[in-house]
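Structural description and commentary
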Amino acid sequence: MKTKLTISLLTVSLGLTACNSNHANSNSSSDSSANSATDTTSYPPVETQKANTNYKPAFAGQTRIKGAKTSTPFEGKVIAEGLKSPWGITALPDGRLLISEKEGDFRIATADGKLSEPIKGLPQVNSSGQGGLLGLLLDPKFESNRMIYWVFSDNTAAGTLTAVAKGKLSADEKSIEGAKVIYQATPAHKGNLHYGGRIIFDKEGNIILSTGERSDLVTRPLAQDLNAALGKILRITTDGQPAPGNPFIGKANARPEIYSYGHRNPQGLALHPETGDLWETEFGPRGGDELNRIEAGKNYGWPTITYGIEYKGDKVGEGIQQKDGLEQPVYYWDPVLSPSGITFYTGQNIPEWKNNLFICGLSSMHIARIILKDNKVVGEERLLGSEGQRFRDITQGKDGALYAITDIGKLYKIDKK
């Protein structure tokens, strides 16, 4: 049944803390200025709950920035239900939406909410815990070659790992033809948490992939190990080889596919539409979810520095938040947002959203609208908070609207009234 929601001027904070089952800077070109139609001066920070720690930010505006509200009337409405634990979503050239379901299928949704039968022919996934069929991506030449790339949790004799595969969508859209695995993020681990799993193309046509550090104390240090593919942002070709120009190519004891390191469980990747900068979101532990601007070769600190604590309340490592040589997050959340998929808005329907970043919140049960200026966060707004949904991924459709999926299988359209 389709439902409809009119978004209020400022959504009430839910302030929910993260749960173990889903939780686990800089100096480049200036971001485009925040749209003057959005008021970022009159509203208090959207977060009102007590933080998990008394840690102090490294700079003003790194957390709990002033609130914002959208002045353009808009709405979020459910256009489809019945998806099975959807995880990734992207727009097809004809305006329909391709969606991955955690247990191992693709589905296609039409603009009026009709869902296709599951698309078959994908490799088997391990869908236990946080694993399954994860992020997905269309080839830039999809209209002619019909190639799709996707991330999944792959079974091996040594355990599970984050893997990338590709295959061709059949003409009748009922199956994937010629599916093959092109990359495996080793080492494998006998666990089912923190796979990362987002995937996007860069402007050169290479694949950018996020991997988690697999959560356990034994694998956590591998986020700092350049000879392991865990806890990294990776950059590979469409054949799964290290992409030309990667920062560690030719360096001893370092994997050439690594682009950045020191990440916990990154589930959000997006390129800024004007600057081309790579932005990433990742789960902290209890507190310390991060928004980062990713630069080649940089170390983003986990688990050496963090603004979070262990779930049971202990400090992580030495309990420090800053260290020379380690990158600070552009922004962090405490209590947590539980950030999953992200996208920048480039549509014309709501001009004040131009170049704003939209972040899906899981335990926080809302979509965060983040306003950036000069690579800093200058405003934050919470959308769809009254829906009570764990938002998993978001994309912009060919019609300029935003489309978001939730863990219980709803597909939302967010657009001007």
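Quick notes on the rules
- Residues numbered from 1 in each chain as written.
- Predicted model: local features only at pLDDT ≥ 70, side-chain atom pairs only at ≥ 80, totals over all residues.
- Heavy atoms only, no water.
- Phe/Tyr/Trp six-rings, centres within 6.5 Å; stacked < 30°, edge-to-face > 60°.
- Helix = DSSP H or I, 4+ residues; strand = E, 2+ residues; numbered from the N terminus.
- Buried < 20%, exposed > 50% of the residue type's maximum accessible area, 1.4 Å probe, protein only.
- Lys NZ or Arg CZ within 6 Å of the ring centre and 35° of its normal.
- Pairing = 2+ DSSP bridges.
- Axes fitted to C-alpha atoms, helices over the stretch in contact; angles between N-to-C directions.
- Core = buried A, V, L, I, M, F, W, Y, C linked by side-chain atoms within 4.5 Å.
- Contact = heavy atoms within 4.5 Å.
- pLDDT = per-residue confidence, 0-100.
- Polar contact = N/O pair within 3.5 Å; in protein donor to acceptor, adjacent residues only side chain to side chain.
- Salt bridge = Lys/Arg side-chain N within 4 Å of Asp/Glu carboxyl O.

**Considering the packing of aromatic side chains**
If you walk through the whole model with that rule in mind, you get 10 aromatic pairs. Taken together, a centroid distance of 5.6 Å and an interplanar angle of 85 degrees make the contact between Y149 and F201 edge-to-face. In this pair, Y149 is assigned in strand β9 (residues 147-156) and F201 in strand β12 (residues 199-201), connecting sequence segments 52 residues apart. F201 shares its class with Y149; the two are buried. Taken together, F74, Y345, W353 and F358 form an aromatic cluster joined through their ring pairs. Its end group placed over the ring of W302, R264 keeps NZ or CZ at 5.3 Å from the ring centre. Residue placement shows K376 over the ring face of F59; its charged tip is 5.0 Å from the ring centre.

**Some words on the sheet that holds strand β5 (residues 86-91)**
Taken in spatial order, the three strands make up an open sheet running β5-β6-β7, and their pairing is antiparallel. Lying at the two open borders of the sheet, with one neighbouring strand each, are β5 and β7 (105-109). Within this sheet the neighbouring strands show an average axis-to-axis angle of 25 degrees, counted without direction. Here strand β6 (residues 97-101) runs beside β7; their pairing, made up of five bridges, is antiparallel.

**Quick notes on the nonpolar core**
By size, the foremost hydrophobic cluster in this structure holds 23 residues, and its most contacted members are Y149, V164, Y183, I199 and I207. Residue assignment for this core shows that the elements contributing at least two residues are β8 (133-138), β9, β11 (176-189), β12, β13 (207-210), β14 (232-236) and β15 (258-261). Residues contacting I207, with those up to four places away along its chain left out, are L137, Y149, I182, I199, I200, F201, L234, R235, I236, T237 and T238.

**Some details on the confidence of the model for the protein**
The predicted model of the protein averages 92 in pLDDT, with 90% of residues at 70 or higher. In this model, residues 1-34 is a region of pLDDT below 50 whose contacts with residues beyond four sequence positions or in other chains number 119 contacts.

**Here's the deal with the side chain of T406**
Note on placement: T406 falls in strand β25 (residues 402-406). If sequence neighbours within four positions are ignored, T406 has contacts with P86, Q389, R390, F391, R392 and Y412.

**A few points about the sheet that holds strand β19 (residues 331-333)**
Within the open sheet, the four strands sit side by side as β16-β17-β18-β19. Their pairing is antiparallel. The open sheet has two edge strands, β16 (265-271) and β19, and neither has a second partner. Averaged over all neighbouring strand pairs, the angle between strand axes comes to 20 degrees, with direction disregarded. Here three bridges tie strand β18 (residues 289-294) to β19, and the two strands are oriented antiparallel to one another. Residue pairing across strands places L291 opposite Y331, the latter belonging to β19.

**Concerning the side chain of T72**
Position of T72 among the secondary structure elements: in the loop between β3 (67-69) and β4 (74-80). Of the polar contacts made by the side chain of T72, one reaches the side chain of E352; its length is 2.6 Å. Here T72 is in contact with I350, E352 and K416, once residues within four sequence places are set aside.

**Describing the pattern of salt bridges**
Opposite charge on two side chains allows them to pair when their charged atoms are near. Within the structure shown, the criterion is met by 20 salt bridges. Two residues, E204 and R235, come together in a salt bridge whose shortest N-O distance is 3.8 Å. Residue E204 is found in the loop between β12 and β13, and its partner R235 is found in strand β14; the two are separated by 31 residues along the sequence. With its nearest N and O atoms 3.8 Å apart, the salt bridge here joins E274 to K354. Residue E274 is located in the loop between β16 and β17 (278-283), and its partner K354 is located in the loop between β20 (339-344) and β21 (357-361); the two are separated by 80 residues in the primary sequence. The exposure class assigned to K354 is partly exposed, which follows from its relative accessible area of 46%. Where salt bridges share partners, they join D277, R293, E295, K298 and E327 into one cluster.

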